[in-house]
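Fold and geometry: a report
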Amino acid sequence: MALAVELNFYICQRPADVLKLRKADLYIKNGAYFFNVIQNKTGANVHVPVPPELLPDILKAEDYIVADNKGHPFDVNAFGRLFKKVNDACGFNYTFRLLRHSGSTAYAEAGVNTSAIIALTGHTDEKIFNTTYKGNSERLSLSAMNKLREYRKEKK
């Protein structure tokens, strides 16, 4: 659960896209790890950096990154129910889906430029910031993640 929440926040993808991530979706470019995500909703091909602090847990996965006890992927509704139980037990009022928006906002608050956030989320244009896809580059999305990580360190 914790890995799914952190991934969703950092990589700003829709729940279904986070839950279908597989170890086979990982690749390395210039010493950094990325997920190659083909978004369910839009078909956009998005390259999102993997936060280095999450890499050890991700590399432990045999297939699906977020899996049940038997290694099977969660469907969105089943994970949503589990997330709600944890959420309620902690006294929070979040949904797994909202973490995508929280992550996008955190990047913006960290001073990441809008085009980099759009590239990370897979959206196409600033006006909508919410539509289909934009040509994503590893450089933009890695820069976005590194800026957020630096910002979070400064806040401690």
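Predicted, not measured: the structure shown is a model, and the values here were computed from it.

About the thresholds
Residues numbered from 1 in each chain as written. Predicted model: local features only at pLDDT ≥ 70, side-chain atom pairs only at ≥ 80, totals over all residues. Heavy atoms only, no water. Helix = DSSP H or I, 4+ residues; strand = E, 2+ residues; numbered from the N terminus. Contact = heavy atoms within 4.5 Å. Areas by Shrake-Rupley, 256 points an atom, 1.4 Å probe, with all protein chains shown as cover. Buried < 20%, exposed > 50% of the residue type's maximum accessible area, 1.4 Å probe, protein only. Phe/Tyr/Trp six-rings, centres within 6.5 Å; stacked < 30°, edge-to-face > 60°. Axes fitted to C-alpha atoms, helices over the stretch in contact; angles between N-to-C directions. Parallel < 35°, antiparallel > 145°, perpendicular 65-115°, else oblique. Left-handed = near helix turned anticlockwise from the far one by under 90°. Nonpolar A, V, L, I, M, F, W, Y, C, P; charged D, E, K, R; others polar. pLDDT = per-residue confidence, 0-100. Pairing = 2+ DSSP bridges.

Looking at the overall build of the protein
The helix and strand tally for the protein stands at 7 helices and 3 strands. Reading the protein from its N terminus to its C terminus gives the helix and strand order α-α-β-β-β-α-α-α-α-α. In the protein, of all internal contacts separated by at least 6 residues, the share reaching a separation of at least 24 is 58%. For the protein, the exposed surface amounts to about 8,700 Å²; the carbon and sulfur share of it is 52%.

Remarks on helix α1 (residues 2–11)
Every α-helix carries 3.6 residues per turn, so stepping three or four residues along brings you back to the same face. Burial analysis of α1 places 7 of its 10 residues in the buried class, which makes it a mostly covered element. Among the residues making up α1, those that are buried are L3, A4, L7, N8, F9, Y10 and I11. A positive backbone phi angle near 55° is found at C12, which sits one or two residues after α1.

Notes on the packing of aromatic side chains
In this structure the tally under the stated criterion is 3 aromatic pairs. When the centroid spacing of 5.6 Å and the interplanar angle of 20° are considered together, the rings of Y27 and F34 count as stacked. A residue is classified by how much of its surface remains accessible, and F34, at 1% relative accessible area, is buried. Consider the rings of F74 and F79, whose centres lie 5.3 Å apart with planes at 70°: the pair is edge-to-face. Residue class for F79 comes out buried when judged on its relative accessible area of 1%.

Topic: the packing of α1 against helix α5 (residues 98–109)
Running from N to C, α1 and α5 cross one another at 50°; their axes reach a closest spacing of 6 Å. Relative to α5, the element α1 lies oblique. Here the hand of the crossing between α1 and α5 comes out right-handed. Residues V5, N8, F9 and Y10 of α1 lie in contact with α5, whose contacting residues are L99, R100, S102, G103, A106 and Y107. Class assignment of the residues belonging to the contact of α1 with α5 gives a composition of 6 nonpolar, 3 polar and 1 charged.

What about the environment of I38?
Mapped onto the fold, I38 is located in strand β2 (residues 32–38). Spatially, the C-alpha atom of I38 lies 9.8 Å from that of L21, the residues being 17 residues apart in sequence. Setting aside residues up to four positions removed in sequence, I38 forms contacts with D17, K20, G43, A44 and N45.

Remarks on the confidence of the model for the protein
Averaged over every residue, the pLDDT of the protein is 85; residues scoring 70 or more account for 90%. Of all helices and strands in the protein, the one with the weakest mean pLDDT is α5 (79), whereas strand β1 (residues 26–29) scores best (97). In the predicted structure, residues 130–136 sits below a pLDDT of 50 and forms 28 contacts with residues beyond four places in sequence or in another chain.

A word on the sheet that holds β1
What links the strands of a sheet is backbone hydrogen bonding, and the strands pair in either a parallel or an antiparallel sense. The 3 strands lie next to each other as β1-β2-β3, forming an open sheet whose pairing is antiparallel. The two strands at the open ends of the sheet, each matched to only one other strand, are β1 and β3 (45–49). Each strand of the sheet is rotated relative to its neighbour by a mean of 35°, with strand direction disregarded. Relative to β2, β1 is paired through 4 bridges, and the arrangement is antiparallel. Paired with L26 across the two strands is F35, which belongs to β2.

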